[in-house]
Amino acid sequence: MTLAPGSRLGAYEVDALIGTGGMGEVYRATDTRLHRAVALKVLPESFAADRERVARFEREAQLLASLNHPNIASIYGIEPTDAGQALVLELVDGPTLADRIAEGALPIAEALPIARQIADALAAAHDHGVIHRDLKPANIKVRDDGTVKVLDFGLAKAVAPDDDSESGAAHSPTITAATRYGVILGTAAYMSPEQAKGKTIDRRSDVWAFGCVLYEMLTGSRVFEGEDVSETLASVLRAEPSWHLLPADTPEAIRRLLRRCLERDRRRRLSDVGVACLEIDETAASGAPAAASAVMTTLAPPWWRRAAPIGTAAIAAGAIGATAAWMIKPPPAPVVVRARHVLPSEQPSSVTQRQWLAVSPDGSTVAYFSGPQLYLRTLSDTEGRLIPFAQPISGGLSHPAFSPDGQSIAFFSFRPAEGGTVHRVAVTGGPVETIAKARSINHGLSWGSHGILIGAGPAGILRVAPTGGDPSPIVTTANDEDAAFPMSVPGSNAIIYTAIARGAADRETSAQIRVQDLASGTRRTLTPGSNAAYVPTGHLIYTVGGTLFGIPFDPRRLEITGARRPVVDGIRRSPMGDAHFSVSATGTLVFAPGPAGNQSTTMRSLSVMDRTGRLEPLKAATGAWTSPRVSPDGKRLVFGSEDGNQADILTYELDQSIPERRLTFAGRNRYPIWSRDGQRVAFQSDREGDAGIFWQRADTPGTAERLTAPDKGVAHVPESWSPVADIFLFSEVGASGATLWSYSLDKRRAALVGDIRSSSMLNAEFSRDGQWIAYTARGAGMLGASVFVEPFPPTGARFQIQSETTAHHPVWMPNGQGLSYRVGNTRQVIIPVRWRPSVSFGAPAPLPGDYPTNVFGGARNYDVLRDGQRFVFAAPVSIGETSLSSRTEFQIVVNWFEELKQRMAAK
């Protein structure tokens, strides 16, 4: 579809054609309503006839609309045309990076700031589950002020053309070639090996393309070239980059970064583009030639400003003034970068009842225990490195603490028969020194300006010299209190610690944060909470339950100076009170996500079990998961996380290309179900003071819309969405039990469904054709519970499926020819269903093996995958003194102080 200048497309008046390509034509246009310049990308006419591709395109566009980042060109909307669809985009003036590279290689001082912004854009997109798939210099623009804009996010996946032209591989349009593995998407010269082979791609494919772009900026040459597409792809698959072309002044860290980005084996490739930001920042901080000032302050002047000589004195003076203003321009705020470290399944779990991780003072390294071994992971690596002990250390190991210079680590071991011992080892490994014997089980260990501090419970806070010796009391406690989690206050002669009522059944509610001035002996209670630390932003951070709070604190007067605010949700906290987080003086936060360790919390993994009884955990982290539900397309899960007073909804891609993502951020949110089209999730929430049902988009966190408003004293629980209509079932649960209702989206009205009642949760489920309901009911005169089936809308007919006691949690099989349910806590049963000439049910067939526990009366903790052969469970895992799960993770947040300051300043 070609648009003539002056023609109109909705509210947009076309000015001129500014580009063409395999993805369509791009026009400069004027938004006549908002009086701004925009870009219109008109998609190929053949696209309009393909419903599936149009739907995928619209969904992708919605994802892109959620990407609010200064280095990503924005999408303003979708405009219908006679031939299909057009995108309304932010108009980004200026040449592309390809235009700049055509003039020659970029100096380090110019290339690294551009690369830094590209990596920021990719990291932001990856955090939202968006993979670019076609990153190349032609899709990157640099404004006059040096701001980088990355274009065309995600479009290759949705609208790749069927053009197989092989002319000009490096400038070839996005390739689409069907293979027995799938689809090849990308531009040949920047395509990752897995793309070239037509295999499944993930964020590491963007990391490869980022490496190609950075290499090209530094050398002026493409890393992989060929005369046509096939030769270029062969080069991608086999050729080694010409590393000798890199400039001699390329810092070693940047050379290492390039090698890790361009690693063909994606298992060894850099897995998180956020690490590239760290490498570039660290290169600048180290004073690497030609790089430091540009990266750490602002961008080098763009090349097009270094052009014609200045002709007059007035112009020269103006240029000098502008240059001076540019030189004193304040540096941009550091970018917050997140990374995730999942312990390999072959490593023993390291989530213990005691603290098991710490970050070094400079924020570059994380120490953590996994079973009886100590590991280090630097931010530039993706895997931990074992710290070899010259001799084995017996007993449970916990509380790693870096020395102030970051060269040693102190830690604690405990054996019931011998008590506790404080040890020290170099970060390079070797002999393990015994520093001191502690008097009891440890309640915290730190290493700061007062030496090594030990939380010794009834013995108060003890201090020991890093070289060893007998611990001496530095803070004593009252007879009815235990002291825990001591930390020195930097720049003062004071110690912050947690006081816990001795013998308290609930250590959480009795914990108080106190500070003691060692010079005067003055002691002051600051706030309820635990695990406090002072950070250079002028705040104390501490935990209450699974939430990390910040509160303004004056370290000279040792006083609270403002109100507290939550700054991080979901910090794992053990029943012993240890909160599993650590913060460096430079602003790197590491923490183990998950429940707060409330003893009533059941830890679960998302696991798949087949009909033979074989159970296999998915790669999602372990948490207090509940209520998994498979999306209508069978590709995603939505599930809940319930830990004490915190409950949220998360999603997970079953192809494991995207880690689990939190969807809700306000109130307690429970019992998620998918909408009929899989675009939204409905759930119960108390965010507005009751227990009504809300829904929101499933692809990104956003504003939830209320659907039902229960009366006082009752709660609404969403149950199941009709596969054939915009109607869902929900239970109204009150003191007298539960009744079943339906809610129509068209009418925005609820209606009672027959006379379906139970003294406990109904767990109702629509059949695949939407004409039947299965549910669990227990009532007067019933010894247990039973599964019932009846038509929808109700006709008065009702079938009791299972006569055994405690039959519950029914789910229809995907082919509609059976119904699965539970008998007791661990038995899974399938009963055949025949629909013609009339509905009838066969003999129940128990599946072999004990399936994960799903106790009657609560939410259903399983669902059936679309192949009908496998079940997905929120399966309980063992909880012991040394292990909570077989797969454990911690998260790393670099430049977290920027986020902390923003949250503390929020109104």
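Here, every reference points to the structure presented above.
Worth saying up front: this structure is predicted, and the values here are computed from it rather than measured. Just so you know, the residues in each chain are numbered from 1, in the order the chain's sequence is written. It should be noted that, the model being predicted, local features are given only for residues of pLDDT at least 70 and side-chain atom pairs only at 80 or more, the latter also being counted only at that level, while totals for whole chains, interfaces and linings use all residues. Each side-chain value is worked out from all heavy atoms of the structure, with water and hydrogens disregarded.

Participant: Sorry if this is basic, but what is going on with the overall build of the chain here?
Facilitator: Labels follow the DSSP assignment, with helices taken as runs of H or I lasting at least four residues and strands as runs of E lasting at least two, numbered in each case from the N terminus. When helices and strands are counted, the chain shows 13 helices and 60 strands. Throughout this description, buried means an accessible area under 20% of the type-specific maximum (1.4 Å probe, protein chains only), exposed means over 50%, and partly exposed covers the range between. Every one of the 907 residues in the chain was classed for burial, and the buried ones make up 54%. For accessible areas, the Shrake-Rupley method is used with a probe of radius 1.4 Å. Any residue's cover is judged against the shown protein chains and nothing else. Looking at the chain as shown, the accessible area adds up to about 37300 Å², and 51% of this sits on carbon and sulfur atoms.

Participant: What is the right way to read the pairing of strand β26 (residues 512–517) from this model?
Facilitator: Side-chain direction in a regular strand flips from residue to residue, so the side chains alternate between the two faces of the sheet. Bridge analysis of strand β25 (residues 494–501) against β26 gives six bridges, and the strand direction is antiparallel. Looking across to β26, one finds that Ile496 is bridged to Val515. Pairs of strands are assigned from DSSP output, requiring at least two bridges between the strands.

Participant: I keep staring at the pairing of strand β13 (residues 365–370) and nothing clicks. Help me out?
Facilitator: Burial analysis of β13 places six of its six residues in the buried class, the great majority of the element. When strand β12 (residues 357–359) meets β13, the two strands line up antiparallel, connected through three bridges. Residue pairing for β13: Ala358 is matched across the bridge by Ala367. What sits between β12 and β13 in their antiparallel hairpin is a turn of five residues, with Gly363 showing a positive phi close to 75°. With six bridges connecting them, β13 and strand β14 (residues 373–378) associate as antiparallel partners. Directly across from Ala367, in β14, lies its bridge partner Leu376. Between β13 and the antiparallel strand that follows it, β14, lie two residues; Gly371 among them carries a positive phi value of about 65°.

Participant: Quick question: what am I supposed to make of the sheet that holds strand β44 (residues 705–706) here?
Facilitator: Sheet strands pair via backbone hydrogen bonds, and the direction of the pair is either parallel or antiparallel. Spatially, four strands are ordered β41-β42-β43-β44 in an open sheet, and the strand pairing comes out antiparallel. Two strands lie at the open edges of the sheet, namely β41 (669–674) and β44, each paired on one side alone. As paired elements, β41 and strand β42 (residues 680–685) share four bridges and run antiparallel to each other. When the sheet's bridge partners are listed, Ile673 is paired in β42 with Ala682.

Participant: How do you make sense of the pattern of salt bridges when you look at a structure like this?
Facilitator: Once the charged atoms of two side chains with opposite charge are near each other, the side chains can pair. Each salt bridge in this description consists of a side-chain nitrogen of Lys or Arg and a carboxyl oxygen of Asp or Glu lying within 4 Å of one another. Enumeration over the complete set of coordinates arrives at 39 salt bridges. Across the pair Arg524 and Glu559 runs a salt bridge, and its minimum N-O distance is 4.0 Å. With Arg524 in strand β27 (residues 523–528) and Glu559 in strand β31 (residues 559–560), the pair connects residues that are 35 residues apart, well separated along the chain. Note on Arg524: relative accessible area 33%, which makes it partly exposed. Among the ionic contacts, a cluster of salt bridges with common partners joins Arg524, Asp554, Arg556, Arg557 and Glu559.

Participant: Help me out: how do you make sense of the sheet that holds β12 in this one?
Facilitator: What the four strands build is an open sheet, ordered β12-β13-β14-β15; its pairing is antiparallel. The open sheet is flanked by β12 and β15 (385–387), the only strands paired with a single partner. This sheet shows a mean twist of 25° between the axes of neighbouring strands, independent of strand direction. Note on method: axes are straight lines fitted to C-alpha atoms, helices fitted across the in-contact stretch only, with angles between N-to-C directions ranging 0 to 180 degrees.

Participant: Looking at this model, I keep getting lost on unusual backbone geometry. Mind explaining?
Facilitator: With an omega of -5°, the peptide bond running from Phe792 to Pro793 counts as cis. Mapped onto the fold, Pro793 is located in the loop between β51 (786–791) and β52 (799–800). A cis geometry characterises the amide bond from Arg836 onward to Pro837, with omega recorded as 0°. Within the fold, Pro837 resides in the loop between β55 (827–834) and β56 (840–841). In this structure, Tyr671 takes a positive phi of about 55° despite not being glycine. With respect to the secondary-structure elements, Tyr671 resides in strand β41.

Participant: Looking at this model, I keep getting lost on the packing of helix α6 (residues 203–219) against helix α8 (residues 252–261). Mind explaining?
Facilitator: When two helices pack together, their arrangement is given by the angle between the helix axes and by the axis-to-axis distance. Between α6 and α8, whose axes approach to 8 Å, the crossing angle comes to 140°. Of the possible angle classes, the one that applies to α6 and α8 is oblique. Crossing handedness for the pair α6 and α8: left-handed. When α6 is examined against α8, the residues Val207, Trp208, Phe210, Gly211, Leu214, Tyr215 and Leu218 are found in contact with a partner set consisting of Ile254, Leu257, Leu258 and Cys261. The labels follow the angle: roughly parallel below 35 degrees, roughly antiparallel above 145, roughly perpendicular from 65 to 115, and oblique for the rest. For any pair of crossing helices, the crossing counts as left-handed if the nearer helix is rotated counterclockwise from the farther one by less than a right angle, and right-handed if it is rotated clockwise. By the convention used here, residues are in contact when the closest approach between their heavy atoms is within 4.5 Å.

Participant: How do you make sense of the nonpolar core when you look at a structure like this?
Facilitator: The nonpolar side chains of a soluble globular protein tend to be buried, and buried together. What we call a nonpolar core is a set of buried Ala, Val, Leu, Ile, Met, Phe, Trp, Tyr and Cys residues that are connected through their side-chain atoms within 4.5 Å. With 82 residues, the main nonpolar core has Leu97, Ile118, Leu135, Phe210, Leu214 and Met217 as its most contacted residues. Top contributing element to this core by residue count: helix α3 (residues 108–127), with twelve residues. In this structure, Phe210 is in contact with Ala115, Ile118, Ala119, Leu122, Leu135, Cys261 and Ala276, ignoring residues within four places of it in sequence. Counting 16 residues, the second largest nonpolar core, distinct from the first, contains Ala533, Ala579, Phe581 and Trp896.

Participant: Hey, could you run me through the side chain of Ser403 in this one?
Facilitator: Turning to its location among the elements, Ser403 is positioned in the loop between β16 (396–402) and β17 (408–415). The residues touching Ser403, leaving out its near neighbours within four places in the chain, are Pro361, Ser408 and Trp447.

Participant: Just to check I follow, could you spell out the environment of Arg143 for this structure?
Facilitator: Mapped onto the fold, Arg143 is located in the loop between β7 (140–142) and β8 (148–150). On the basis of relative accessibility, which here comes to 22%, the residue Arg143 falls in the partly exposed class. Counting along the chain gives 51 residues from Arg143 to Val92, while the straight-line C-alpha distance between them is 7.4 Å.

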